[in-house]
Amino acid sequence: MSYLSHLNPPNLHSAVEIVLDTAYQGIDTQGWEKLFAEARQSQLEQFIADLFAGKHINNSEDRPALHSALRNLTKTPILIDGKDVMPAVADVWRRIEALCNKWVGVTDVIHIGIGGSDFGPRLAIEALAHVPGLQSRGMRMHFLANIDTAELARILARAQPHSTRVVIVSKSFTTLETTMNAKAVVAWLKDSGCTQSQITHALYAVTANIHAAKDFGVDEDNIFPFWDWVGGRYSVWSAVGLPIALQYGFETFKQFLAGAEAIDLHFKNAPLEKNLPVIMALSLLYQQEKHHIKAYAAIPYADALDWFPKWLQQLDMESNGKSVDRNGKPVKHSSPVVFGSAGSNAQHSYFQLFHQGTEIIPIDFIAVRDPMSDRPEAVAHHRILLSNCLAQAQALANGKTASNPNDVYPGKRPSNFLLLPKLNAFYLGALLALYENRTATLGALWNINSFDQPGVEYGKVLAKPIEKALASHQSDIQSNAEIDAVTAARINLLNSNYSPS
Ligand code: F6P
């Protein structure tokens with residue numbers, strides 16, 4: 001008998017053999033009915049249809065958000081302003097597959113990118129490394145994101161220049177961290193004795209700005225395009241996910257896309273009452289209304305998913321961390337702070353606050369049914385891992401009375417339980433798509449455009465005059481229109497010959 005036969009509405013739901021249990025949310029049948037009614041009132045069903053139909057739902061940038069096309073393996077036509085995008089998407093798949101077959105004798109791949117051009121592939125490579133039996137091609141995959149040269153130095157100390165391939169990943173191809181790191185890596189290849197033609201041969205780009213990649217010196221044949229209708233944080237399904245295909249083969253990459261596609265079909269077609277991303281979004285909305293929560297946590301009980309919360313932070317907070325709605329009006333709610341890390345480690349860190357702190361923090365407990373290694377200890381260890389996961393959720397929900405106030409657990413602390421049958425490329429893809437669709441649902445419920453990120457720009461602008469002031473080495477910088485008195489004093493501190501005793 002399938003374990004899915006234990007499902008018992010209204011708290012247990014499943015899609016693609018992933019189970020969602022909301023029993024500890026404290027929402028009764030009437031509560032759910034009200035939430036679904038509110039979702040319908042917010043035109044959520046129309047929003048989902050528009051999302052998949054390629055309507056310009058990214059209203060501030062006047063473009064669609066069609067990352068779903070990148071995992072539309074059936075190639076059902078998807079029209080943007082009347083033109084089917086699937087032939088171009090399929091052409092990139094063909095080129096990725098060809099590249100997988102072409103790269104022989106490559107020891108190191110340096111993937112240079114930041115934010116959405118980094119988190120997705122980095123998480124996937126980390127996670128898939130733990131899948132028992134998954135054949136890796138054994139290349140060293142290095143992810144270079146930070147402008148801090150510590151990361152660069154660490155990578156370059158390990159990579160073998162003559163058998164390294166460099167993939168510059170940037171939707172805009174203007175991100176300073178990425179272009180400067182790319183220049184540094186090219187300089188390293190040169191200093192290591194690679195000829196210009198060897199460097200050109202080693203250099204690849206994944207971008208929506210083909211001109212800039214060509215200007216940088218990347219051969220046109222080595223440029224993998226993606227498009228302005230794919231948001232950076234939604235781009236792992238494009239050639240941004242190249243490391244997955246290169247390391248584990250094109251079939252594995254397709255499995256990753258297939259898992260996401262399966263969730264998309266569910267999200268698009270299931271009624272709201274059975275729709276996992278919608279139910280997850282509504283449970284958070286309920287806790288916002290009821291407890292005015294300011295944060296929530298995602299705790300994967302799988303070491304392989306330790307990078308998942310970092311990926312989720314960009315997804316949720318860059319998408320929905322906004323104060324105004326689609327019409328520029330102040331919002332009632334927007335994204336809470338998101339954080340998390342792998343359980344059970346997390347229990348030994350901040351769970352004290354979950355149990356007894358003054359803040360109520362809803363949690364998504366994410367568990368995997370199968371053990372994540374083929375070690376002889378795997379079954380016994382996995383049982384303990386899962387016991388901990390279940391025990392934490394129960395303790396948080398029910399609490400405990402005691403005569404000593406110090407030993408009281410208040411309880412009524414909400415959580416979801418999400419169970420994946422196993423962690424492989426398919427279920428990893430499904431998990432990420434589940435959360436992407438949840439994020440989009442929350443945006444729709446809050447009337448926020450989840451597909452732009454204007455708030456990241458101002459700091460980048462201010463960094464320019466500050467960098468100039470630092471480069472001047474002067475320690476008498478005065479405040480001006482671009483640099484305030486506090487920052488001027490900090491620049492002067494950095495520029496002075498101060499040496500701590
Ligand atoms: O600064 C934020 C951001 O624009 C993200 O949205 C994006 O994922 C990241 O920078 C990297 O951008 P790009 O892929 O254009 O280099």
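Residues numbered from 1 in each chain as written. Predicted model: local features only at pLDDT ≥ 70, side-chain atom pairs only at ≥ 80, totals over all residues. Heavy atoms only, no water.

A. How the structure looks around the environment of Asp370. With respect to the helices, strands and loops of the structure, Asp370 is situated in the loop between β12 (363-368) and α14 (378-398). Overall, Asp370 belongs to the partly exposed group, its relative accessible area being 34%. For the pair formed by Asp370 and Pro421, sequence separation is 51 residues and the distance between their alpha carbons is 6.4 Å. For Asp370, the residues in contact, after removing those within four places along its chain, are His382, Pro421 and Lys422. (Helix = DSSP H or I, 4+ residues; strand = E, 2+ residues; numbered from the N terminus. Buried < 20%, exposed > 50% of the residue type's maximum accessible area, 1.4 Å probe, protein only. Contact = heavy atoms within 4.5 Å.)

B. Spatial organisation of the nonpolar core. Core analysis: the largest hydrophobic core is formed by 114 residues, its most contacted members being Ile96, Trp229, Phe256, Phe308 and Tyr435. In terms of residue count, the dominant contributor to this core is helix α15 (residues 425-446) (15 residues). Composition of this core by domain shows at least three residues from each of domain 1 (12-62 + 256-451) and domain 2 (103-248). Counting 23 residues, the second-largest nonpolar core is a separate cluster that includes Leu156, Ala182, Trp188 and Ala205. (Core = buried A, V, L, I, M, F, W, Y, C linked by side-chain atoms within 4.5 Å. Domains from an automatic or database assignment.)

C. Summary view of the site of the ligand. If you check the shell around the ligand, you find 13 residues, and the closest are Ser117, Ser170, Ser172, Thr175 and Glu318. Within the contact set of the ligand, an oxygen atom lies 2.7 Å away from a side-chain nitrogen or oxygen of Ser117. Contact between the ligand and Thr175: an oxygen atom at 2.5 Å from a side-chain N or O atom of the residue. When the ligand sits alone it has 390 Å² of accessible area, and the protein chains cover 86% of it. If you map the ligand onto the pockets, it falls in the largest pocket. (Near = heavy atom within 4 Å. Polar contact = N/O pair within 3.5 Å; in protein donor to acceptor, adjacent residues only side chain to side chain. Areas by Shrake-Rupley, 256 points an atom, 1.4 Å probe, with all protein chains shown as cover. 1 Å grid on protein atoms, 1.4 Å probe; cavity = no way out; pocket = protein on both sides within 12 Å on 5 of 7 lines; lining within 4 Å. Sits in = over half its atoms within 2 Å of the grid points.)

D. Expanded view of the sheet that holds strand β8 (residues 203-207). Reading across the sheet, the five strands line up as β6-β5-β7-β8-β9 and stay open at both edges, with parallel pairing between neighbours. Strand pairing shows two members of the sheet lacking a second neighbour, β6 (140-144) and β9 (223-225), which therefore form its edges. Going across the sheet, the axis of each strand differs from the next one's by a mean of 15°, ignoring polarity. (Pairing = 2+ DSSP bridges. Axes fitted to C-alpha atoms, helices over the stretch in contact; angles between N-to-C directions.)

E. Looking closely at the layout of surface pockets. Here the largest pocket is characterised by a volume of approximately 1,000 Å³. Considering the residues around the largest pocket, the lining is formed by 37 residues, among which Ser172, Thr175, Val456, Glu457 and Lys460 are closest to the centre. At the level of elements, α6 (176-191), α12 (308-320) and α16 (457-471) are the ones that each hand at least two residues to the lining of the largest pocket. Broken down by element, the residue count for the lining of the largest pocket peaks at six residues, all from α16. For the lining of the largest pocket, a count of residues per class yields 13 nonpolar, 13 polar and 11 charged. (Points joined across faces, edges and corners; volume = space filled by probe spheres on them. Nonpolar A, V, L, I, M, F, W, Y, C, P; charged D, E, K, R; others polar.)

F. Representation of helix α1 (residues 29-41) in the model. If you check α1, its first and last C-alpha atoms are 18 Å apart, about what 13 residues at 1.5 Å a residue would give, namely 18 Å. Where α1 is concerned, the buried positions are Gly31, Trp32, Leu35, Phe36 and Ala39. Mapping the buried residues of α1 onto a view down its axis gives an arc of 130°, with all of them on the same face. Summarising the geometry of α1, the exposed residues directed more than 90 degrees from the buried face are Gln30, Glu33, Lys34 and Gln41. Trailing α1 by a residue or two, Gln43 shows a phi angle of about 60°, which is positive. (Expected span 1.5 Å × (residues − 1). Arc of directions from axis to C-beta.)

G. How the structure looks around the environment of Ile48. Residue placement: Ile48 occurs in helix α2 (residues 44-53). Note: C-alpha distance between Ile48 and Ile96 (48 residues apart in sequence) is 30 Å. Apart from residues no more than four positions distant in its own chain, Ile48 is found in contact with Phe267, Lys268, Leu272 and Val278.

H. Representation of the domain arrangement of the protein chain. On domain assignment, one finds that the protein chain holds domain 1 (12-62 + 256-451), domain 2 (103-248) and domain 3 (455-495). Once you take the C-alpha centre of each, domain 2 and domain 3 turn out to be 32 Å apart.

I. The arrangement of the side chain of Arg438 in detail. Looking at the secondary structure, you find Arg438 in helix α15. A relative accessible area of 1% means that Arg438 is categorised as buried. Excluding residues that lie within four positions of it along the chain, Arg438 makes contacts with Pro277, Met280, Ala281, Leu284, Tyr296, Asp316 and Asp364.

J. Structural detail: the pairing of β6. Burial within β6 is extensive, with four of its five residues counted as buried. Crossover strand β5 (residues 108-112) to β6 through helix α4 (residues 119-128) is right-handed. (Right-handed = clockwise from strand over helix to strand, strands pointing away.)

K. Spotlight on the sheet that holds strand β2 (residues 18-21). Strand order in the open sheet formed by six strands is β1-β2-β13-β12-β10-β11, with mixed pairing between adjacent strands. Here the strands that pair on one side only, and so sit at the sheet edges, are β1 (12-15) and β11 (337-339). When strand polarity is set aside, the average angle formed by the axes of neighbouring strands in this sheet is 15°. Bridge count for β1 against β2 is four bridges, and the pairing is antiparallel. Across the sheet, residue His13 finds its bridge partner in β2, namely Leu20. Its contacts with the sheet place α15 against β2, β10 (295-301), β12 and β13 (415-420), and it is angled at close to 150° to β13.

L. Highlighting empty space enclosed by the protein. Scanning all chains against the criterion turns up four cavities of 30 Å³ or more. Lining the largest cavity are Gln25, Met280, Ser283, Leu284, Gln287, Tyr296, Pro362, Ile363, Asp364, Asn416 and Arg438. Only α11 (276-291) and β12 provide two or more residues apiece to the lining of the largest cavity. Ranked by residue count, the leading element in the lining of the largest cavity is α11, at four residues. Grouping the constituent residues of the lining of the largest cavity by class yields five nonpolar, four polar and two charged. In this structure, the second largest cavity spans a volume of roughly 40 Å³. If you trace the second largest cavity, you find it lined by Gly116, Phe119, Gly120, Gly232, Arg233, Tyr234, Ser235, Val236, Trp311, Gln314 and Leu315. Of all the elements in the fold, those that place two or more residues in the lining of the second largest cavity are α4 and α12. Ranked by residues supplied to the lining of the second largest cavity, first place goes to α12 with three residues. Residues of the lining of the second largest cavity, tallied by class, amount to five nonpolar, five polar and one charged.

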